[in-house]
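Listed below, chain by chain, are the residues.
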Amino acid sequence: MKPLSNPFVIGKYVDKDYFCDRNKESELLVHHIVNGRNVAIMSERRLGKTGLIEHVFSNYLPDEYETFLIDIYTCKNLREMVYLLANEVFKKISKRQPLIERLLRIVRSLKATISYDAVTGQPELGLGLGEIHQPEVTLDEILEYLETSDKVCVVAVDEFQKVTSFEEGNVEALLRTKIQHLKNTQFIFAGSERHLLEGIFSDPVRPFYNSVVFMHLLPIDQGEYIRFCLHLFARYGKTVSEMLVSRLYDCFQGITWYLQLSMNEAFTMAERGGHVDEEAYGQILNHMVDSKRFTFEDRYASLTEKQKAVLQAIAAEFPRQPVLTSHEFIAKYHLKTASSIQTAVKGLTDKGILSDHHGTKRPTDLLFMLWLKNF
Ligand SMILES: Nc1ncnc2c1ncn2[C@@H]1O[C@H](COP(=O)(O)OP(=O)(O)O)[C@@H](O)[C@H]1O
Ligand SMILES: [Mg+2]
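Throughout, a residue's number is its position along its own chain's written sequence, starting from 1. Throughout, the order in which chains and ligands are written sets their labels, letters from A for the former and numbers from 1 for the latter. Selection of residues for local features in this predicted model requires a pLDDT of at least 70, selection of side-chain atom pairs for listing and counting requires 80 or more, and totals for whole chains, interfaces and linings are taken over all residues. Hydrogen atoms and water are omitted, and side-chain values are computed over all heavy atoms in the structure.

With respect to the sheet that holds strand β5 (residues 152-158)
Item 1. Pairing between strands is defined by DSSP: at least two bridges between the two strands are required. Numbered from the N terminus, helices here are DSSP runs of H or I no shorter than four residues, and strands are runs of E no shorter than two. The strand order across the open sheet built from 5 strands is β2-β5-β6-β1-β7, with neighbouring strands paired in parallel fashion. Both edges of this open sheet fall to β2 (65-71) and β7 (213-216), since each of them pairs with a single strand only. In this sheet, adjacent strand axes meet at a mean angle of 20 degrees when their direction is disregarded.
Item 2. With 4 bridges joining them, strand β1 (residues 39-42) and strand β6 (residues 185-191) adopt parallel strand pairing. Following the sheet pairing, isoleucine 41 is matched in β6 by alanine 190.
Item 3. By definition in these notes, contact holds between two residues if any of their heavy atoms fall within 4.5 Å. Note on geometry: axes are lines fitted to C-alpha atoms, helical ones only across the stretch in contact, with angles between N-to-C directions running from 0 to 180 degrees. Against the sheet, helix α5 (residues 135-147) makes contact with β2, β5 and β6, and its axis sits at roughly 120 degrees relative to β6, the strand it touches most.

Below you can see the structure in the form of structure tokens.
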């Protein structure tokens, strides 16, 4: 692989060389998989669940496993989910002609059109959403295909909490019934919306109760992340201040996405042979916030005066997280009453600006907090 021009990758999994740590988590996930357990991976957004799954799929599983990953965040119903799964399965086997033939024998509900590339002779499958007329039947057939595969199949369903809002309404029960007797196919369910996932897997009256082991993903260890950054800079003949990485880690509370974004920016600030020192901190934050200035202005303008006041106060304290209804907080920022704060907080939560975090509220978008703090 050609080296990337910037080794701090955002939004996709490239290769283990650009992936920080997660060794223990990877080993644990593999341990669950090889012992035949279905797993639910939870954490707040942007910490690295999807990345972990891809990392494990690419590097940790022995050859006798075949892996599939679908993200159902945009799916509104079972049909769309089955469509994604069918496509993923096709994609994975598209280079192996005998497998395609076997698939088409089993998955009869899809009159998938095979065409052959004129130059390479590679078969290509064209499957449209409209071709899935009976999602349940197609799902059964795909699962049958996986069950009779010569490899153990692992299917990861990302943003799994979406099934709770599918149009059909009974999808949990349906999926649970279909997967509970599978012998050759295992599942990883991942998602960020903790209360929805807890509801699916921990509520005794729901179908998926007790059917998975949980993994709660935490932020990457600060020391590991610093080492990772120093190492990547060094590989490109650059150096970076440890203190700088450490401050960025604290500012973004170890949330991987922000860390990667800030280090991607830091990396651009030195030529080969150069050094990025702690002084760069403010400039990096400015750049990150700048690119979203218009969005933030609009978002702020859409708030009520009370919401603005409470949010300004939260931002002024950031990254400290005060108790929002405490006397100190109310007095320090001349807010009115605890109950008026609660109303504002509810409004801010409904707008997605604050989110629940272990029983407290915290800002969903840390860059928005930085914007509010400084401008
Ligand atoms: N261990 C890691 N090392 C480097 N980058 C990572 C790591 N884990 C995640 N990322 C990056 O951080 C961002 C958020 O990770 P993602 O897996 O999408 O989080 P989640 O699925 O929990 O929302 C992505 O841009 C991803 O590429
Ligand atoms: Mg994800």
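Next comes the rest of the account.
Structural notes on unusual backbone geometry
Item 1. Residue proline 319 is bonded to the preceding phenylalanine 318 through a cis peptide linkage, with omega at 5 degrees.
Item 2. Summarising the element assignment, proline 319 is placed in the loop between α13 (305-317) and α14 (327-332).
Item 3. Phi at arginine 46 takes a positive value of approximately 65 degrees, unusual for a residue other than glycine.
Item 4. Of note, the phi angle at glutamine 253 is positive, near 50 degrees, even though the residue is not glycine.
Item 5. Relative to the assigned elements, glutamine 253 resides in the loop between α9 (242-251) and α10 (256-267).

Details of the packing of aromatic side chains
Item 1. Side-chain rings of Phe, Tyr and Trp (the six-membered ring for Trp) are treated as a pair once their centres are within 6.5 Å; stacked means planes under 30 degrees apart, edge-to-face means over 60, and tilted covers the remaining angles. The full count for this structure, using the stated rule, is 22 aromatic pairs.
Item 2. Ring geometry for tyrosine 236 against phenylalanine 267: centres 5.2 Å apart, planes inclined by 90 degrees, an arrangement best described as edge-to-face. Linking tyrosine 236 in the loop between α8 (222-235) and β8 (239-240) with phenylalanine 267 in helix α10, this pair joins segments that are 31 residues apart in sequence. For the pair formed by tyrosine 236 and phenylalanine 267, the shared burial category is buried.
Item 3. On the basis of an interplanar angle of 40 degrees and a centroid distance of 5.1 Å, the ring pair of phenylalanine 296 and phenylalanine 368 is categorised as tilted. Pair noted here: phenylalanine 296 is in helix α12 (residues 293-301) and phenylalanine 368 is in helix α16 (residues 366-374), with a separation of 72 residues, a long-range link. Exposure class is identical for phenylalanine 296 and phenylalanine 368. Each is buried.
Item 4. A connected cluster of aromatic rings, assembled from ring pairs, spans Phe8, Tyr225, Phe228, Phe233, Tyr236 and Phe267.
Item 5. The ring of tyrosine 258 carries the charged tip of arginine 46 above its face, separated from the ring centre by 5.7 Å. A simple rule labels every residue: compare its accessible area, found with a 1.4 Å probe on the protein chains alone, to the largest value its type can have, and call it buried under 20%, exposed over 50%, or partly exposed in between. We call a charge positioned over a ring when the NZ of a Lys or the CZ of an Arg lies within 6 Å of the ring centre and within 35 degrees of the ring normal.

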